[in-house]
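# Understanding the architecture of this molecule
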Amino acid sequence: MSTVNDLIDVRVDDATNEVRDLISGLSGAPRLIPTVYGYDERGSELYAQICDMKTYYPYHAEWDLLTRNVNSICDLANVSEIIELGCGTATKSELLLNRMSAESRASLKYVPIDVSEEMLRKTSARLADSIDGLEIDPIAGDYHSGLSVVEQRPKASRLFLFMGSSLGNMSEEKRHELLKNIRAAGRRGDLMLVGVDFDKPRPVLETAYNDPPGYDLWHHFLTNRLACLNSMFHGDFDPSAFDSRLTYNTDAFRMEAQIWPRSSDIEFHLADLNLRGVIKAGERVTVDTSHKFKPDELNELLDSTGMRIMEAYEESAVKYSLLLLEMT
Ligand SMILES: C[S@@+](CC[C@H](N)C(=O)[O-])C[C@H]1O[C@@H](n2cnc3c(N)ncnc32)[C@H](O)[C@@H]1O
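These numbers were taken from a predicted model, which means no experiment stands behind them. (Residues numbered from 1 in each chain as written. Predicted model: local features only at pLDDT ≥ 70, side-chain atom pairs only at ≥ 80, totals over all residues. Heavy atoms only, no water.)

### Observations regarding the nonpolar core
Using the following cut-off: What is meant by a nonpolar core is a set of buried Ala, Val, Leu, Ile, Met, Phe, Trp, Tyr and Cys residues, joined one to another through side-chain atoms within 4.5 Å. Each residue is assigned to one of three classes by its accessible area relative to the maximum for its type, calculated with a 1.4 Å probe on protein chains only: buried under 20%, partly exposed between the two thresholds, exposed over 50%. Segmentation into domains, and thus their bounds, comes from an automatic or database assignment. Contacts are residue-level and defined by heavy atoms, with any inter-residue pair within 4.5 Å sufficient.
Among the nonpolar cores identified, the biggest contains 72 residues, and Ile33, Ile82, Tyr110, Leu159, Leu193, Tyr209 and Leu229 are the most heavily contacted of them. Among the domains, domain 1 (3-13 + 57-200 + 294-327) and domain 2 (18-41 + 203-291) are the pair contributing at least three residues each to this core. Beyond its immediate chain neighbours, meaning those up to four positions away, leucine 159 contacts Ala77, Val79, Glu81, Ile82, Ile83, Met100, Leu191, Met192, Leu193 and Leu324. Core analysis: the next-biggest nonpolar cluster, separate from the first, contains 29 residues, Phe160, Met170, Phe198 and Leu301 among them.

### Quick word on helix 3 (residues 57-76)
Test applied: Fitting axes to the seven residues that end at a residue and to the seven that start at it, the angle between those axes gives the bend at that residue. Strands are runs of DSSP state E lasting at least 2 residues, helices are runs of H or I lasting at least 4, and numbering of each runs from the N terminus.
At asparagine 69, helix 3 shows its largest kink, close to 70 degrees. Considered for burial, the residues of helix 3 that qualify are Tyr57, Pro58, Tyr59, Ala61, Glu62, Leu65, Leu66, Asn69, Val70, Ile73 and Cys74. Tucked into the core, helix 3 has its buried residues touching helix 2 (41-52), helix 4 (91-103), strand 9 (191-197), helix 8 (202-208), strand 15 (307-315) and strand 16 (320-327).

### Examining the side chain of glutamate 62
Here is the rule we go by: Counting of polar contacts relies on pairs of N or O atoms within 3.5 Å, with two restrictions inside protein: one atom must be capable of donating a hydrogen and the other of accepting it, and residues adjacent in sequence are counted only when both atoms are side-chain atoms.
Among the structural elements, glutamate 62 can be located in helix 3. A distance of 2.4 Å separates polar atoms of two side chains, one belonging to glutamate 62 and the other to lysine 92. In contact with glutamate 62, other than residues within four places in its own chain, are Lys92, Met163, Gly164, Ser165, Gly195, Tyr320 and Leu322.

### Describing the packing of aromatic side chains
Let me state the cut-off plainly: Any Phe, Tyr or Trp ring, taking Trp's six-membered ring, that has another such ring centre within 6.5 Å forms a pair; planes under 30 degrees apart are called stacked, those over 60 apart edge-to-face, and the others tilted.
Evaluated as defined, the whole model comprises twelve aromatic pairs. Between tyrosine 56 and tyrosine 209 the ring centres are 5.6 Å apart and the planes differ by 85 degrees, which places this aromatic pair in the edge-to-face class. Here the residue tyrosine 56 occupies a position in the loop between helix 2 and helix 3, and tyrosine 209 occupies one in the loop between helix 8 and helix 9 (217-233), the gap between them amounting to 153 residues. The two residues tyrosine 56 and tyrosine 209 agree in class, both being buried. Consider the rings of phenylalanine 237 and phenylalanine 242, whose centres lie 6.4 Å apart with planes at 75 degrees: the pair is edge-to-face. Accessibility classification places phenylalanine 237 together with phenylalanine 242 in one group, the buried group.

### Some thoughts on the site of the ligand
Note the threshold: Distances are taken per atom, and a residue is near a molecule or strand as soon as one of its heavy atoms is within 4 Å of it. By the convention adopted, Pro, Cys, Tyr, Trp, Phe, Met, Ile, Leu, Val and Ala count as nonpolar, Lys, Arg, Asp and Glu as charged, and the other residues, Gly among them, as polar.
Surveying the vicinity of the ligand reveals 17 residues, the closest of which are Tyr39, Gly86, Lys92, Asp114 and Tyr143. The side chain of aspartate 142 places a nitrogen or oxygen atom 3.2 Å from a nitrogen atom of the ligand. Of the residues assigned to the shell around the ligand, the class counts are seven nonpolar, five polar and five charged.

### Things to note about the sheet that holds strand 10 (residues 242-249)
What counts is decided by this rule: A pair of strands is treated as paired once DSSP finds two or more bridges between them. In this description, a line fitted to the C-alpha atoms serves as the axis of each element, helices being fitted only across the stretch in contact, and the angle between N-to-C directions of two axes falls anywhere from 0 to 180 degrees.
Strand order across the open sheet formed by four strands is 3-14-11-10, with mixed pairing between neighbours. Strand pairing shows two members of the sheet lacking a second neighbour, strand 3 (31-32) and strand 10, which therefore form its edges. Pairing geometry for strand 11 (residues 254-261) and strand 14 (residues 285-291), over six bridges, is antiparallel. Pairing of alanine 257 across the sheet is with aspartate 288, part of strand 14. This element, helix 9, spans strand 10, strand 11 and strand 14 of the sheet and lies at about 110 degrees to strand 10.

### A look at the domain arrangement of the protein
Put simply, the rule is: Accessible area that two parts lose when put together, with a 1.4 Å probe and added across both, is what the buried area reports. When a carboxyl oxygen of Asp or Glu is within 4 Å of a side-chain nitrogen of Lys or Arg, the pair counts as a salt bridge.
Taken as a whole, the protein is organised into domain 1 (3-13 + 57-200 + 294-327) and domain 2 (18-41 + 203-291). The C-alpha centroid of domain 2 is placed 27 Å from the C-alpha centroid of domain 1. Taken together, the two surfaces of domain 1 and domain 2 that pack against each other cover about 1,400 Å², and 50% of this comes from carbon and sulfur. A salt bridge links glutamate 41 to lysine 122; the shortest N-O distance between them is 3.2 Å. On the surface where domain 1 and domain 2 come into contact, there are five residue pairs in polar contact (both at pLDDT 80 or more). Within the residue set of the side of domain 1 that touches domain 2, elements represented by two or more residues are helix 3, helix 5 (117-130) and helix 7 (172-185). Split by residue class, the side of domain 1 that touches domain 2 holds three nonpolar, four polar and ten charged.

### Details of the pairing of strand 10
Along strand 10, the buried face is formed by Phe242, Ser244, Leu246 and Tyr248; none of Asp243, Arg245, Thr247 and Asn249, which line the opposite face, is buried. With eight bridges joining them, strand 10 and strand 11 adopt antiparallel strand pairing. From the neighbouring strand, phenylalanine 242 faces strand 11, where its bridge partner is proline 261. Hairpin geometry of strand 10 and strand 11 is characterised by an intervening segment of four residues between the two adjacent antiparallel strands and by a positive phi of about 55 degrees at phenylalanine 253.

### Concerning the environment of lysine 109
Note that lysine 109 resides in strand 5 (residues 108-114). Assessed through its relative accessible area of 18%, lysine 109 is described here as buried. For the pair lysine 109 and alanine 241, spaced 132 residues apart in sequence, the C-alpha separation works out to 45 Å.

### Here's the deal with helix 6 (residues 143-152)
The periodicity of an α-helix, 3.6 residues per turn, causes residues three or four positions apart to be oriented the same way. Turning to helix 6, its buried residues number three or more, namely Ser145, Gly146, Leu147, Val149 and Val150. For helix 6, the capping residue at the N-terminal end is aspartate 142, with a side-chain oxygen 3.0 Å from the backbone nitrogen of histidine 144.

### Section: the pairing of strand 4 (residues 81-85)
Here strand 4 lies mainly inside the structure; five of its five residues are buried. Bridging between strand 4 and strand 5 involves five bridges; their strand directions are parallel. By the bridge assignment, glutamate 84 is partnered in strand 5 with proline 112.

This is the structure we're talking about:
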């Protein structure tokens with residue numbers, strides 16, 4: 001049995017920036033809804049179901065890499081705190097937590113950070129039941145606010161987990177900023193385990209990131225962002241009036257998730273934000289992106305943020321890696 005501390009909620013601190021990004025995204029051309037609105041309770045459940053589909057290789061590649069290399073990772077990561085950014089259901093992290101808590105002589109602290117409070121509570125309760133000897137210390141909030149809580153605490157030997165290829169879900173500038181903030185929350189010699197997806201042929205990516213025949217999980221995952229906006233800001237979007245598709249932009253090395261009104265213009269009103277607009281029939285609204293890295297680009301990013309690759313675990317068939325990084 002493990003213990004769960006009271007949840008720390010820092011989402012109030014995030015609200016201003018998030019709302020500013022949403023208003024400028026929905027009013028801009030092309031329009032954009034930030035990724036963070038994809039993960040209310042329903043969005044998180046849909047993502048977990050997508051991970052169960054055989055076609056979604058990032059999840060399965062990470063699972064296989066962790067299963068095969070859990071001993072090596074645990075041997076290299078002799079830490080007292082594990083901080084996970086965007087823990088979700090933490091099904092993969094559980095493999096590590098189980099092994100590390102069994103081997104740890106002192107108590108091991110696990111700090112899951114996620115914007116989805118419901119998911120965070122469920123994940124913390126489940127891990128507390130299934131693993132012995134963990135102190136679970138959940139933080140509800142954006143990656144940056146969560147990290148600033150960690151940064152202000154006394155230093156400890158830390159392993160940061162950032163899986164699910166989430167590093168690719170942000171712009172180049174935001175990736176850089178996030179790694180800098182992670183580096184600031186650690187000290188020299190601390191570690192980070194990050195899942196990285198590399199550029200590959202377009203058909204492979206588009207098969208993995210779209211529904212196979214007979215499924216509509218990706219479609220609901222993408223259009224659910226409108227339902228999430230409705231409930232957060234008293235909006236009037238009709239998600240069922242939208243189509244969706246993920247395509248690979250081969251110039252930008254990025255999967256782009258887009259939704260659009262299927263047959264006629266859609267007027268919308270988000271009452272709490274005093275925001276109105278019209279989305280034309282067929283007009284693409286980007287609701288998520290997933291960057292696929294080139295090795296040189298990744299090395300430059302790590303160099304410039306004070307990280308170096310200590311060990312690379314690679315699933316070469318799908319060009320996906322779990323990298324154990326050391327802070328320099
Ligand atoms: C792609 S899922 C990955 C989940 C899990 N790490 C995995 O590997 O299966 C992204 C997770 O990060 C959370 N998330 C997304 N954006 C976030 C943000 N800006 N700050 C904190 N959590 C975020 C979501 O709620 C979701 O649980």
